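Here is what each chain is made of, one letter per residue.
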Amino acid sequence: MSNLTYVELVWLKKRIENYIRFGKVASNRTIDRSRRVVSFTPGCVFAFVRWTANDFGTVASRIDILRAVATGERCSTVAYVRPGADILLTAIGWPSVEKVLKIIDAIEAIGIDPIDVSPDYWRHVHSRLAAREAPRTYTRQRHEAWLLRRRIEP
């Protein structure tokens, strides 16, 4: 059994679009013109965006920020993700998805790769969005504190 987390990405013009917004892909396998499978090593954080539409417009928008898990580690099931992942953030509906994408853009704008952001921050954003409150911004000082904490934790 592989220790990787696999994500199936689908793209059907104007119908379905599943893509990775950020994350360090370990491998990439093309199945056909509209499908491919990417994999992530345990501990890797990545953003998985799903969008579906029909003849009348957008049906569903969703973003999940996930942490790939090792074999035997507890995980939650997520569509298109095998065997599952640790869910750090879930946003459903375009207004919420757009807020998360803007947060990711803001983090990148200050020169921090979103894969290095504290998992606790992603959980904070999830909770604040669920409560319809604005999340705190991720600053360089918060990031430095996270890096120091990560160095001393076992």
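Scroll up a little and you will see the structure.
Here is what the cut-offs are and how they apply
Residues numbered from 1 in each chain as written. Predicted model: local features only at pLDDT ≥ 70, side-chain atom pairs only at ≥ 80, totals over all residues. Heavy atoms only, no water. Phe/Tyr/Trp six-rings, centres within 6.5 Å; stacked < 30°, edge-to-face > 60°. Buried < 20%, exposed > 50% of the residue type's maximum accessible area, 1.4 Å probe, protein only. Helix = DSSP H or I, 4+ residues; strand = E, 2+ residues; numbered from the N terminus. Core = buried A, V, L, I, M, F, W, Y, C linked by side-chain atoms within 4.5 Å. Contact = heavy atoms within 4.5 Å.

J.: Please clarify how the packing of aromatic side chains should be interpreted in this entry.
T.: Scanning the entire structure with this criterion turns up five aromatic pairs. Aromatic pair Phe40 and Phe46: ring centres 4.0 Å apart, planes at 0°, arrangement stacked. Note on accessibility: Phe40 and Phe46 belong to one class, buried. Here the aromatic cluster, defined as three or more aromatic residues joined through ring pairs, consists of Phe22, Tyr121, Trp122 and Tyr138.

J.: Just checking my understanding: could you explain the environment of Trp94 for this structure?
T.: Note on placement: Trp94 falls in helix α1 (residues 94-109). When the C-alpha atoms of Trp94 and Ala60 are compared, they prove to be 7.7 Å apart, with 34 residues separating the residues in sequence.

J.: Before we go on, may I ask you to explain the nonpolar core in this structure?
T.: Nonpolar side chains in soluble globular proteins tend to end up buried together. Within the largest apolar cluster, 23 residues are counted, with the highest numbers of intra-cluster contacts made by Ile63, Ile65 and Trp122. At the level of elements, β5 (45-54), β6 (57-68), β8 (81-92), α1 and α2 (119-130) are the ones that each hand at least two residues to this core. Considering every element that reaches this core, the biggest residue donor is α1, with six residues. When near neighbours in sequence (up to four residues on either side) are disregarded, Trp122 contacts Phe22, Val45, Ile65, Leu88, Leu89, Ile103, Ile104, Ile107, Pro114 and Val117. Membership of the second largest hydrophobic core comes to 13 residues, among which are Val38, Phe46, Leu66 and Ala68.

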